[in-house]
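# Tertiary structure, described
So the chains spell out like this:
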Amino acid sequence: MAGNKVKEQLDHGGGRSMILKKVGLPLWAFLVLYWIIAIFLILFLLSLSIAFIFFLKNGNGFYFDFLKESSYSLSKAVPGGSILGSGLWVKAWLQQRKEKREPSE
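Moving on to the overall build of the protein. When helices and strands are counted, the protein shows three helices and zero strands. The buried share of the protein, reckoned over its 105 residues, is 15%. Long-range contacts, defined as pairs at least 24 residues apart, comprise 69% of the intrachain contacts of the protein with a sequence gap of at least 6. Accessible surface, the protein: about 8,800 Å² in total, of which carbon and sulfur atoms supply 67%.

Below, the structure written as structure tokens:
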């Protein structure tokens with residue numbers, strides 16, 4: 001009995017509804033913004049951690065220019081996130097198009 005309930009929940013997405021079901025402009029915007037934010041945070045936190053490691057090793061003052069590192073991270077995150085998000089969107093669009101063409105079995 002419990003196994004059937006778990007299987008039924010897995011088949012229906014665990015009771016959660018997916019917000020972006022169609023491959024359209026909202027999904028593209030979500031993917032691009034998601035990857036821009038992800039890449040920005042990764043780069044910013046890496047540069048912050050490197051500055052912190054140098055602070056611990058050398059014992060000098062903690063030098064970290066937040067504005068400079070933010071602009072650097074953003075300058076790398078915008079093109080990278082745009083390309084990655086758009087590429088994933090194109091992949092999802094092609095996959096959806098392929099599924100529509102194939103006869104369902």
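With respect to the helices, strands and loops of the structure, Ala 77 is situated in helix H3 (residues 66-101). For the pair formed by Ala 77 and Ile 37, sequence separation is 40 residues and the distance between their alpha carbons is 7.3 Å.

To continue, consider the packing of aromatic side chains. Summed over all chains, the structure comprises 11 aromatic pairs. Considering the side-chain rings of Phe 52 and Phe 62, the 6.3 Å spacing of their centres and the 70 degrees angle between planes classify their relative orientation as edge-to-face. Pair noted here: Phe 52 is in helix H2 (residues 25-58) and Phe 62 is in the loop between H2 and H3, with a separation of 10 residues, a long-range link. Classification of Phe 62 as partly exposed rests on a relative accessible area of 38%.

For the pair H2 and H3, the least separation of the axes is 7 Å and the interaxial angle reads 145 degrees. In terms of crossing hand, the pair formed by H2 and H3 is right-handed. Across the contact of H2 with H3, the residue classes tally to 17 nonpolar, eight polar and two charged.

Detailed reading of predicted coordinates is not advised where the pLDDT is low. Looking at the protein as a whole, the pLDDT averages 84, with 79% of positions reaching at least 70. Predicted confidence for residues 4-11 stays below pLDDT 50, and this span has two contacts to residues more than four positions away or in other chains.

Since one α-helical turn is 3.6 residues long, residues separated by three or four positions face the same way. Between its first and last C-alpha, H3 extends 51 Å over 36 residues, near the 52 Å set by a 1.5 Å rise per residue. Along H3, the largest kink reaches about 25 degrees and is centred on Ala 77; proline Pro 79 follows within four residues of it. Turning to H3, its buried residues are Glu 69, Ser 73, Ala 77, Gly 81 and Gly 85.

On to H2, then. With 34 residues, H2 should cover 50 Å at 1.5 Å per step; its first-to-last C-alpha distance of 49 Å lies within 8% of that length. Every buried residue of H2 is accounted for by Leu 27, Leu 31, Val 32, Ile 36, Ala 38, Phe 44, Ser 47 and Ala 51. Considering only its buried residues, H2 is in contact with H3.

What counts, and where the lines are drawn
- Residues numbered from 1 in each chain as written.
- Predicted model: local features only at pLDDT ≥ 70, side-chain atom pairs only at ≥ 80, totals over all residues.
- Heavy atoms only, no water.
- Helix = DSSP H or I, 4+ residues; strand = E, 2+ residues; numbered from the N terminus.
- Buried < 20%, exposed > 50% of the residue type's maximum accessible area, 1.4 Å probe, protein only.
- Contact = heavy atoms within 4.5 Å.
- Areas by Shrake-Rupley, 256 points an atom, 1.4 Å probe, with all protein chains shown as cover.
- Phe/Tyr/Trp six-rings, centres within 6.5 Å; stacked < 30°, edge-to-face > 60°.
- Axes fitted to C-alpha atoms, helices over the stretch in contact; angles between N-to-C directions.
- Left-handed = near helix turned anticlockwise from the far one by under 90°.
- Nonpolar A, V, L, I, M, F, W, Y, C, P; charged D, E, K, R; others polar.
- pLDDT = per-residue confidence, 0-100.
- Expected span 1.5 Å × (residues − 1).
- Bend = angle between axes of the 7 residues up to and from the residue.

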